[in-house]
Amino acid sequence: MLTSPTFDATTVGTSVEEAVAWLKAGETVALPTETVYGLAGNALDVQAVAKIFAAKQRPSFDPLLVHVGSVEEAMRYGEWPLWALKALETLGGGPLTFVVPKKALIPDLVTSGLPSVGIRIPRHPLFLEVLNRLDFPLAAPSANPFGYISPTRAQHVVDQLGGRIPYVLNGGDCAVGVESTIVDCTLDVPTVVRHGGMALEEVEALLGRRVAVRTHSTSRPQAPGLLESHYAPRIPLIVVNEKDPVEVPCGWAAIGYHQIDHWIQVNPEMKWILSPSNSDQEAATRLFACLREADASGAQGMVVSRAPELGLGRAINDRLQRAAHFG
Ligand code: TXA
Ligand code: MG
């Protein structure tokens, strides 16, 4: 494993200047995006990129996404098919990452040697302000240790990466709550390889063409975010159908999607509902925070209900399936 860098303390603040100063000095800082917090570093500086891998204890075979502030910059780092470029122009910023053939400017370390690179324009105003003040793009994976649940608020980052990074720019709770959807644009048919913050229906409408879906990992995955086990809490997690008569094991937490009054043996102190208003967007926003709270609650395991397989429900179910394990 890589050795993690250490700092006396990790500061949480709202100073764009400070975040920019650290990034210009070749360090990594956590920045808010509309999806989840990212651990950002200069994508053109291999030493800064190496610090990202080290802080996350992330294997170097797992490529990083590159964040840019404009369509012009996106074109500088990738070879865009016209239809993909048009989609990016229409979307502007948002929770969709485009995988395109990479240009030589992007170091191989960023893409783990792949000939393609994932590029997105985030929509969070603070992230965009940081990008505006830099003359380089930012590589940024989710700001969690490899394999654990992604952070959706500044405190989540501090809880796990505190002491390993100098600064967390606090932008409040992430509005979307799950990572960006990733669409591979290097194939004849655009292919969603990770469900995420932009629903499949919206991706198809944006691209104006048929989209394939291939989110299941092979034994040698191109994207370890697609590994069978990822996004996992420390305690065992079991996924169930909300409508079933679920019996929660003694000492376990229960996380419902909308309504679990019919579940048996729910401990009210260890109960969370992802969406009291029954909306996929609300559930996505709350998903990772609820998983973290249940993980830290002293429960011995958690039972979590699946979301309806529509809209952001696909991304939620994908994360739950990969998070499911039996300890
Ligand atoms: O919303 C997001 O996408 C967040 C925020 C911070 O932007 N970022 C994020 O990055 O989720 P990360 O590294 O945690 O997940 C990116 C996933 C990984 O599973 C990686 O393997 C995959 O994207 N990936 C990166 N480059 C790729 C490429 N060229 N082809 C296929 N998959 C790629
Ligand atoms: Mg991640």
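Please refer to the structure placed before this passage.
Residues numbered from 1 in each chain as written. Chains lettered and ligands numbered in written order. Predicted model: local features only at pLDDT ≥ 70, side-chain atom pairs only at ≥ 80, totals over all residues. Heavy atoms only, no water.

Draft legend 1. Broad picture of helix α4 (residues 82-91). Among the residues of α4, Trp83, Ala84, Leu85, Ala87 and Leu88 are the ones counted as buried. Check the buried side of α4 and you find it contacts α3 (71-77), β5 (96-101) and α7 (200-207). (Buried < 20%, exposed > 50% of the residue type's maximum accessible area, 1.4 Å probe, protein only. Helix = DSSP H or I, 4+ residues; strand = E, 2+ residues; numbered from the N terminus. Contact = heavy atoms within 4.5 Å.)

Draft legend 2. Spatial organisation of the packing of aromatic side chains. Counted according to the given criterion, the structure contains two aromatic pairs. For the pair Phe7 and Trp22, a centre-to-centre distance of 6.2 Å together with 80° between the ring planes defines the contact as edge-to-face. With a gap of 15 residues between them, Phe7 in the segment before β1 (11-13) and Trp22 in helix α1 (residues 16-24) connect regions that are remote in the sequence. On the basis of relative accessible area, Trp22 is assigned to the partly exposed category, the value being 28%. Between Trp80 and Phe98 the ring centres are 5.2 Å apart and the planes differ by 55°, which places this aromatic pair in the tilted class. Taken together, the residues span a long stretch of sequence, with Trp80 in the loop between α3 and α4 and Phe98 in strand β5 at a distance of 18 residues. The class for Trp80 is buried, based on a relative accessible area of 13%. The class of Phe98 is buried, set by a relative accessible area of 0%. (Phe/Tyr/Trp six-rings, centres within 6.5 Å; stacked < 30°, edge-to-face > 60°.)

Draft legend 3. Here's a closer look at the sheet that holds strand β11 (residues 212-213). Taken together, the 11 strands give an open sheet; going across it, the order is β1-β8-β2-β3-β7-β4-β6-β5-β9-β10-β11, and neighbouring strands pair in mixed fashion. With one partner strand each, in any of the chains shown, β1 and β11 form the two edges of the open sheet. Bridging between strand β2 (residues 29-31) and strand β8 (residues 167-169) involves two bridges; their strand directions are parallel. Bridged to Val29 within β8 is Tyr167. Where helix α2 (residues 46-56) meets the sheet, it contacts β3 (38-42) and β7 (138-139), and its direction lies at approximately 155° from that of β3. (Pairing = 2+ DSSP bridges. Axes fitted to C-alpha atoms, helices over the stretch in contact; angles between N-to-C directions.)

Draft legend 4. Spotlight on the sheet that holds strand β15 (residues 302-305). Read from one edge to the other, the open sheet built from four strands follows the order β12-β15-β13-β14, with strand pairing classed as parallel. Every interior strand has two partners, whereas the edge strands, β12 (237-240) and β14 (271-273), have only one. Neighbour to neighbour, the strand axes of the sheet diverge by 15° on average, direction disregarded. Bridge analysis of strand β13 (residues 253-256) against β14 gives three bridges, and the strand direction is parallel. Across the sheet, Gly256 pairs through a bridge with Ile273, a residue of β14.

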